[in-house]
Amino acid sequence: MGRHLLWLVVLLALATFSHGGRAPETRCLKTQCPPDQIVFYNKERMSDIQPTGVCECIPHPCENMHCDDQPEQPFLDYAYDKHGNLDCFCRKPCFDGVCGGPRKPPQCVETICAHPDHDIVEYDPERIDDPLTMKGCICVQNPCETLGYKCEHEEHTVLAFSYSPKGELECFCRRDPCAEERCEHEEYKHLHLDQDGNCWCTLGHEEL
């Protein structure tokens, strides 16, 4: 039986987040930080109230970067990859204020991975000349799905993921930004959500 994240999605429904890209810090829902800081759960510190760690406000990891000159992508965001490498970038607002997973690689912005079993875009520079890839852009499975995670909450149906600064995988469920969208094209009639939060009309996986 797959792992279920129902406890997390219930807490997620109560929270408001100012940043995207990482798993929502459900242990720090009451912690509010200034706009230039983020909530961080420090497991290495202890207190009488939280014997396993404390909630802290720390500087935004991309504090030296600004998005003032990008009106279509005004929000400064960040994400870590599976090796713990930091990626700073500007993005449009994310649905519910929560984005799922690292952004689509800049080299692969036009790549769409519509197959439901391999819908995450990654870039592999060593495969840039491989005819089986799209100039090094490959479609891979959601890493949380490979571990058996499932989202069975009726409102939070999208399984998302992020990585910690140490490269540790974090899985969580979120609402579907495409739930109210409709595809009217005869062939491209299946809604697909990419990792940048865009809704696309695509062929169904049975036609791919």
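If you're wondering where the values come from, they're calculated on a predicted model, not measured in any experiment.

Focus on the pattern of salt bridges
All chains considered together, the criterion is met by four salt bridges. Residues Lys-82 and Glu-122 are paired through a salt bridge, measuring 3.9 Å at the closest nitrogen-oxygen approach. Here Lys-82 is found in the loop between strand E4 (75–80) and strand E5 (86–91), whereas its partner Glu-122 is found in strand E6 (residues 120–123), with 40 residues between them in sequence. By relative accessible area, Lys-82 is classed as partly exposed at 46%. Across the salt bridge formed by Arg-103 and Asp-87, the nearest N and O atoms sit 2.8 Å from each other. With Arg-103 in the loop between E5 and E6 and Asp-87 in strand E5, this residue pair connects regions lying 16 residues apart in the sequence.

A word on the nonpolar core
Side chains of nonpolar character tend, in soluble globular proteins, to be buried together. Counting 15 residues, the largest nonpolar core has Tyr-78, Cys-144, Tyr-149, Leu-159 and Phe-161 as the members making the most contacts within it. Of all the secondary structure elements, the ones that give two or more residues to this core are E4, strand E7 (137–140), strand E9 (158–163) and strand E10 (169–174). Looking at this core, the element that brings in the most residues is E9, giving three residues.

Details of the state of the cysteines
With the rule as written, the count across this model stands at nine disulfides. Here Cys-33 engages in a disulfide with Cys-57; their sulfurs sit 2.1 Å apart. With the S-S dihedral at roughly -90 degrees, the linkage between Cys-33 and Cys-57 falls on the left-handed side. With a gap of 24 residues between them, Cys-33 in the loop between helix H1 (6–12) and strand E2 (37–42) and Cys-57 in strand E3 (residues 54–59) connect regions that are remote in the sequence.

Reading the values: the criteria
- Residues numbered from 1 in each chain as written.
- Predicted model: local features only at pLDDT ≥ 70, side-chain atom pairs only at ≥ 80, totals over all residues.
- Heavy atoms only, no water.
- Salt bridge = Lys/Arg side-chain N within 4 Å of Asp/Glu carboxyl O.
- Helix = DSSP H or I, 4+ residues; strand = E, 2+ residues; numbered from the N terminus.
- Buried < 20%, exposed > 50% of the residue type's maximum accessible area, 1.4 Å probe, protein only.
- Core = buried A, V, L, I, M, F, W, Y, C linked by side-chain atoms within 4.5 Å.
- Disulfide = S-S within 2.5 Å.

This is a description of form; function is not addressed.
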